[in-house]
Every structure is written in C-alpha cells, then in structure tokens.
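Structural overview for review
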Amino acid sequence: MPYTDGEGELPDEGMDFYDDIQDLDLTGKVFGVTGSGDTFYGDDYCKAVTYFDKQIAGTGATRGAEPLFINLQADDEDKKHLDAFTDSLLKSVSQGA
Ligand SMILES: Cc1cc2nc3c(=O)[nH]c(=O)nc-3n(C[C@H](O)[C@H](O)[C@H](O)COP(=O)(O)O)c2cc1C
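Residues numbered from 1 in each chain as written. Predicted model: local features only at pLDDT ≥ 70, side-chain atom pairs only at ≥ 80, totals over all residues. Heavy atoms only, no water.

What to know about the packing of aromatic side chains
For any pair of aromatic rings, the description consists of the separation of the ring centres together with the inter-plane angle of the planes. Note the following rule: Side-chain rings of Phe, Tyr and Trp (the six-membered ring for Trp) are treated as a pair once their centres are within 6.5 Å; stacked means planes under 30 degrees apart, edge-to-face means over 60, and tilted covers the remaining angles. Under the DSSP-based scheme used, a helix requires at least four consecutive residues in state H or I and a strand at least two consecutive residues in state E, with every element numbered from the N terminus. Classification of residues uses two cut-offs on accessible area relative to the type maximum, computed with a 1.4 Å probe and protein chains only: under 20% is buried, over 50% is exposed, and between them is partly exposed.
Counted by the stated rule, this structure contains four aromatic pairs. Taken together, a centroid distance of 5.3 Å and an interplanar angle of 85° make the contact between Tyr18 and Phe52 edge-to-face. Here Tyr18, found in helix α1 (residues 15–21), pairs with Phe52, found in helix α2 (residues 47–57); they are 34 residues apart in sequence, far enough to count as distant. As far as the burial class goes, Tyr18 and Phe52 line up, both buried. Feature note: the residues Phe17, Tyr18 and Phe52 constitute an aromatic cluster, connected by ring pairs.

With respect to the site of the ligand
Which entries qualify depends on this criterion: If even one non-hydrogen atom of a residue comes within 4 Å of a molecule or strand, that residue is called near it. Whenever a nitrogen or oxygen atom comes within 3.5 Å of another N or O atom, the pair is scored as a polar contact, on the condition that within protein one atom can donate a hydrogen and the other can accept it, and that pairs from neighbouring residues in sequence are kept only if both atoms are in side chains.
Of all residues adjacent to the ligand, which total 14 residues, the nearest are Thr4, Gly6, Gly8, Ser36 and Gln73. Contact between the ligand and Ser36: an oxygen atom at 2.6 Å from a side-chain N or O atom of the residue. Taking Gln73, its side chain carries an N or O atom lying 2.5 Å from an oxygen atom of the ligand.

Concerning the nonpolar core
One recurring pattern in soluble globular proteins: nonpolar side chains tend to sit buried together. Put simply, the rule reads: Buried residues of nine kinds, namely Ala, Val, Leu, Ile, Met, Phe, Trp, Tyr and Cys, make up a nonpolar core once their side-chain atoms join them within 4.5 Å. In this analysis, two residues are considered to be in contact whenever any of their non-hydrogen atoms come within 4.5 Å of each other.
Of all hydrophobic cores here, the largest spans twelve residues; its members are Leu10, Tyr18, Ile21, Phe31, Val33, Tyr45, Cys46, Ala48, Val49, Phe52, Ile56 and Ala61. Listed by contribution, the elements that provide at least two residues to this core are α1 and α2. Sorting elements by how many residues they give to this core places α2 first, with four residues. In this structure, Tyr45 is in contact with Gly37, Asp38, Thr39, Phe69, Ile70 and Asn71, ignoring residues within four places of it in sequence.

Considering the pairing of strand β4 (residues 68–71)
Threshold: Pairing between strands requires that DSSP locate at least two bridges from one strand to the other.
A one-sided burial pattern is seen for β4, the buried positions being Leu68 and Ile70 and the unburied ones Phe69 and Asn71. Pairing analysis gives four bridges linking strand β2 (residues 34–37) to β4, with the strands arranged parallel. Pairing of Gly37 across the sheet is with Asn71, part of β4.

Have a look at this one:
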C-alpha cells in the first residue's frame, strides 16, 4: 500500500522492496495494490500504486483486484471501494487464482 512522493515517485522506503519484487516468481499467488495520493498532483496522482501493480504483475501473480487509488484520507466512499477491493481479492483466492 504505497503512497506517492516527489512528482509521481515511489516513496524512498519502498524502493528496495520494489526492486526485490522483480526477482520473485509469485505464480499462483493473488495480489492487489492500493495506496494514497493527492489529486493535486494531476497526472502523477497515485503513480506509485500503478508502478507496484505493474511490477507485481511481472512476477506471474494473478491480479485479484484492480489498482485502487485513495485521495488523501479515506472517506466513506473510499471505504466502500476498499471493501469491494478486499472482496475481489478473497474471491480470487477462493477460486484458486
Ligand atoms: C513532497 C510531496 C510530494 C508528493 N507527491 C505526490 C505525487 O506525485 N502524487 C500523488 O498522488 N501524491 C503525492 N503526494 C501526496 C502524498 O502521497 C499524500 O500526502 C499521501 O498519500 C496522503 O497520505 P497522508 O495523509 O499520510 O499525507 C506528495 C506529498 C508530498 C508531501
């Protein structure tokens, strides 16, 4: 669940994790990425979520939910989206990915 820093950049503390992912084979695993950003940043909004989503997809894992962007603090609408995100992941897991 990364936030986005700089101008559409990964957070510093997530860099090593991001790099390490490319060496993994996660075939048969289910994943989904969500994270916060700020729509103020326009085209760079929640870019780190998109980067992680693509990076993990490259491991052979199954995307169990579409990437979910949260603008600043999660509001009630975001919480509904997070519930749907979780349900989607669980459904994928129960279907054996
Ligand atoms: C220096 C700085 C750069 C940021 N750059 C981006 C950005 O490029 N894209 C984005 O969506 N959010 C950006 N943000 C917003 C943070 O991701 C946002 O504050 C955070 O996701 C919301 O969490 P918080 O409530 O902990 O601040 C930036 C924030 C700061 C302070």
